[in-house]
Amino acid sequence: MLVLITYDVNTETNAGKARLRKVAKQFVNYGTRVQNSVFECILDNTQCVTLKAILS
């Protein structure tokens, strides 16, 4: 399935900036960056569940 993923992370603190980098690094493994916080990913059900678990 084609999934369009968008996200918004508060980057006012150092912890937020670190979280933003970690999230972006995970999405690069699963899809293509369209804009700064937007990725297009082609995922099967297993990959979708795995990605949700990683981000939780």
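None of these values were measured; they are calculated from a predicted model.

> Tell me about the packing of aromatic side chains, and name the residues and values.
The final tally for this structure, using the stated rule, is three aromatic pairs. Ring geometry for Y7 and F27: centres 5.4 Å apart, planes at 35°, overall tilted. Placement of Y7 in the loop between strand 1 (2–6) and helix 1 (14–30) and of F27 in helix 1 is noted, with a sequence separation of 20 residues between them. Take Y7 and F27: they sit in the same class, and that class is buried. Aromatic pair F27 and F39: ring centres 5.5 Å apart, planes at 40°, arrangement tilted. Of the two residues, F27 sits in helix 1 while F39 sits in strand 3 (residues 38–42), which places them twelve residues apart along the sequence. Taken as a pair, F27 and F39 share a single burial class, namely buried. Ring-pair connections join several aromatic residues into one group, and the members of that group are Y7, F27 and F39.

> For the nonpolar core, give the residues involved together with the corresponding values.
In terms of nonpolar packing, the biggest core is built from 13 residues, with I5, Y7, F27, C41, L43 and L51 touching the most fellow members. Every element with two or more residues in this core is listed here: strand 1, helix 1, strand 3 and helix 2 (45–55). The element that contributes the greatest number of residues to this core is helix 1, accounting for four residues. When residues no more than four places from it in sequence are discounted, the contact partners of F27 are I5, Y7, F39, L51 and L55.

> Summarise helix 1; cite the residues concerned and give the values.
Counted at 1.5 Å a residue, the expected span for helix 1 with its 17 residues is 24 Å, and the 25 Å between its end C-alpha atoms agrees. G16, V23, A24, F27 and Y30 are the residues of helix 1 that are buried. The buried residues of helix 1 all sit within an arc of 115° when viewed along its axis, so they share a single face. Helix 1 presents N14, R21, K22, K25 and N29 as exposed residues on the side facing more than 90 degrees away from its buried surface. Structurally, helix 1 contributes buried residues whose contacts are with strand 1, strand 2 (31–35), strand 3 and helix 2.

> Run through the packing of helix 1 against helix 2, naming residues and quoting values.
Between helix 1 and helix 2, the shortest axis-to-axis distance is 11 Å and the interhelical angle comes to 170°. When the interaxial angle is binned, helix 1 and helix 2 end up roughly antiparallel. Within the contact between the two elements, helix 1 uses V23, Q26, F27 and Y30 and helix 2 uses Q47, T50, L51, I54 and L55. A breakdown of the residues in the contact of helix 1 with helix 2 according to their chemical character gives six nonpolar, three polar and no charged.

The rules behind each value
- Residues numbered from 1 in each chain as written.
- Predicted model: local features only at pLDDT ≥ 70, side-chain atom pairs only at ≥ 80, totals over all residues.
- Heavy atoms only, no water.
- Phe/Tyr/Trp six-rings, centres within 6.5 Å; stacked < 30°, edge-to-face > 60°.
- Helix = DSSP H or I, 4+ residues; strand = E, 2+ residues; numbered from the N terminus.
- Buried < 20%, exposed > 50% of the residue type's maximum accessible area, 1.4 Å probe, protein only.
- Core = buried A, V, L, I, M, F, W, Y, C linked by side-chain atoms within 4.5 Å.
- Contact = heavy atoms within 4.5 Å.
- Expected span 1.5 Å × (residues − 1).
- Arc of directions from axis to C-beta.
- Axes fitted to C-alpha atoms, helices over the stretch in contact; angles between N-to-C directions.
- Parallel < 35°, antiparallel > 145°, perpendicular 65-115°, else oblique.
- Nonpolar A, V, L, I, M, F, W, Y, C, P; charged D, E, K, R; others polar.

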